[in-house]
Amino acid sequence: DVKVTQSSRYLVKRTGEKVFLECVQDMDHENMFWYRQDPGLGLRLIYFSYDVKMKEKGDIPEGYSVSREKKERFSLILESASTNQTSMYLCASSRTVGLTSTDTQYFGPGTRLTVL
Amino acid sequence: KQEVTQIPAALSVPEGENLVLNCSFTDSAIYNLQWFRQDPGKGLTSLLLIQSSQREQTSGRLNASLDKSSGRSTLYIAASQPGDSATYLCAVPNTGGFKTIFGAGTRLFVKA
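**A look at the packing of aromatic side chains**
Aromatic ring pairs are defined here through the distance separating the ring centres and the angle between the ring planes.
No. 1: Scanning the entire structure with this criterion turns up nine aromatic pairs over all chains.
No. 2: Taken together, a centroid distance of 5.7 Å and an interplanar angle of 35° make the contact between Tyr35(A) and Phe107(A) tilted. Taken together, the residues span a long stretch of sequence, with Tyr35(A) in strand S4 (residues 31-38) and Phe107(A) in strand S10 (residues 106-107) at a distance of 72 residues. Note on accessibility: Tyr35(A) and Phe107(A) belong to one class, buried.
No. 3: Summarising the aromatic geometry, the rings of Tyr35(A) and Phe102(B) are spaced 5.5 Å apart at their centres and angled 85° between planes, so their arrangement reads as edge-to-face. Of this pair, Tyr35(A) sits in strand S4 while Phe102(B) sits in strand S10 (residues 100-102), which puts the two residues in different chains. Residue Tyr35(A) shares its accessibility class with Phe102(B), and that shared class is buried.
No. 4: Of the aromatic side chains, those joined through ring pairs into one cluster are Phe33(A), Tyr35(A), Phe48(A), Tyr50(A), Phe107(A), Phe36(B) and Phe102(B).

What follows is the structure, encoded as structure tokens:
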């Protein structure tokens with residue numbers, strides 16, 4: 001069974017804290033994604049990584065950074081958490097990407113982050 | 001710019017009813033379309049992927065159709081059950097490359 005795991009299901013942090021969200025996949029996928037999901041706004045892509053140490057900005061990268069030191073692990077970092085970063089964060093991975101890809105993305109269970 | 005719209009935003013039906021969820025997209029030059037299910041507070045699970053050369057895909061009580069020319073897809077759920085209650089999202093690859101564009105979803109409630 002394919003599996004994407006995220007380090008925490010629920011997280012509460014204070015404004016200004018540095019926050020690390022970890023994602024691990026066991027499918028040897030090249031591609032990994034971080035999304036945030038907010039009511040009324042749907043899923044928005046924060047960052048994408050297509051290989052170890054490689055990354056691409058998504059639609060809303062401001063206030064976030066990422067790290068991919070190993071193929072199976074993709075970390076999302078909030079350098080200085082703010083209240084507007086309170087959200088559900090979803091990690092995903094896929095074997096291939098691109099316009100003609102027929103591979104689905106596999107999602108983790110999500111991390112609900114609250115910044116006070 | 002590709003945009004994906006799902007109507008209705010929410011739907012409540014009695015158990016046993018057949019129902020249709022709608023998805024529309026603005027750029028018909030897509031290679032595939034996916035339907036996902038999301039249970040409250042959880043991640044997304046892929047249900048069906050339709051390639052552009054296909055008109056429909058079936059999995060159990062689910063049937064998804066794709067009409068590229070009109071920019072529409074439908075997800076048909078037969079004999080709905082309370083366990084089908086979830087949010088259903090459709091998604092298409094963006095013409096820009098690695099991005100996937102998701103609809104906002106239809107939240108389905110199936111009453112016992």
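**Focus: the interface of chain A and chain B**
No. 1: Listed by partner, the interface residues are 25 residues for chain A and 21 residues for chain B.
No. 2: Summed over both partners, the interface of chain A with chain B buries about 1800 Å², with 61% contributed by carbon and sulfur atoms.
No. 3: Joining chain A to chain B, the criterion identifies one salt bridge.
No. 4: The salt bridge partner of Lys99(B) is Asp59(A), with a shortest N-O separation of 2.9 Å.
No. 5: At the surface where chain A touches chain B, the tally comes to seven residue pairs in polar contact (both at pLDDT 80 or more).
No. 6: Breaking the side of chain A that touches chain B down by element, the ones donating at least two residues are S4, strand S5 (42-51), strand S6 (54-57) and strand S9 (87-94) of chain A.
No. 7: Broken down by class, the residue content of the side of chain A that touches chain B amounts to eleven nonpolar, nine polar and five charged.

**Description of the environment of Thr96(A)**
No. 1: Position of Thr96(A) among the secondary structure elements: in the loop between S9 and S10.
No. 2: Sequence-wise, Thr96(A) and Tyr50(A) are 46 residues apart; in three dimensions their C-alpha atoms are separated by 8.9 Å.

**Let's talk about the state of the cysteines**
No. 1: Summed over all chains, the structure comprises two disulfides over all chains.
No. 2: Here Cys23(A) is linked by a disulfide to Cys91(A), with a sulfur-sulfur distance of 1.8 Å. The sign of the -75° torsion about the S-S bond sets the Cys23(A)-Cys91(A) disulfide as left-handed. In this pair, Cys23(A) sits in strand S3 (residues 19-25) while Cys91(A) sits in strand S9, placing the two residues 68 residues apart along the sequence.
No. 3: Residue classification places Cys23(A) among the buried positions, given a relative accessible area of 0%.
No. 4: Note that Cys23(B) is cross-linked by a disulfide to Cys90(B), the S-S spacing being 2.0 Å. Between Cys23(B) and Cys90(B), the S-S dihedral sits near 80°, and the bridge is therefore right-handed. Pair noted here: Cys23(B) is in strand S3 (residues 19-25) and Cys90(B) is in strand S9 (residues 86-93), with a separation of 67 residues, a long-range link.

So, how was this worked out
Residues numbered from 1 in each chain as written. Chains lettered and ligands numbered in written order. Predicted model: local features only at pLDDT ≥ 70, side-chain atom pairs only at ≥ 80, totals over all residues. Heavy atoms only, no water. Phe/Tyr/Trp six-rings, centres within 6.5 Å; stacked < 30°, edge-to-face > 60°. Helix = DSSP H or I, 4+ residues; strand = E, 2+ residues; numbered from the N terminus. Buried < 20%, exposed > 50% of the residue type's maximum accessible area, 1.4 Å probe, protein only. Contact = heavy atoms within 4.5 Å. Buried area = accessible area lost by both parts, 1.4 Å probe. Salt bridge = Lys/Arg side-chain N within 4 Å of Asp/Glu carboxyl O. Polar contact = N/O pair within 3.5 Å; in protein donor to acceptor, adjacent residues only side chain to side chain. Nonpolar A, V, L, I, M, F, W, Y, C, P; charged D, E, K, R; others polar. Disulfide = S-S within 2.5 Å.

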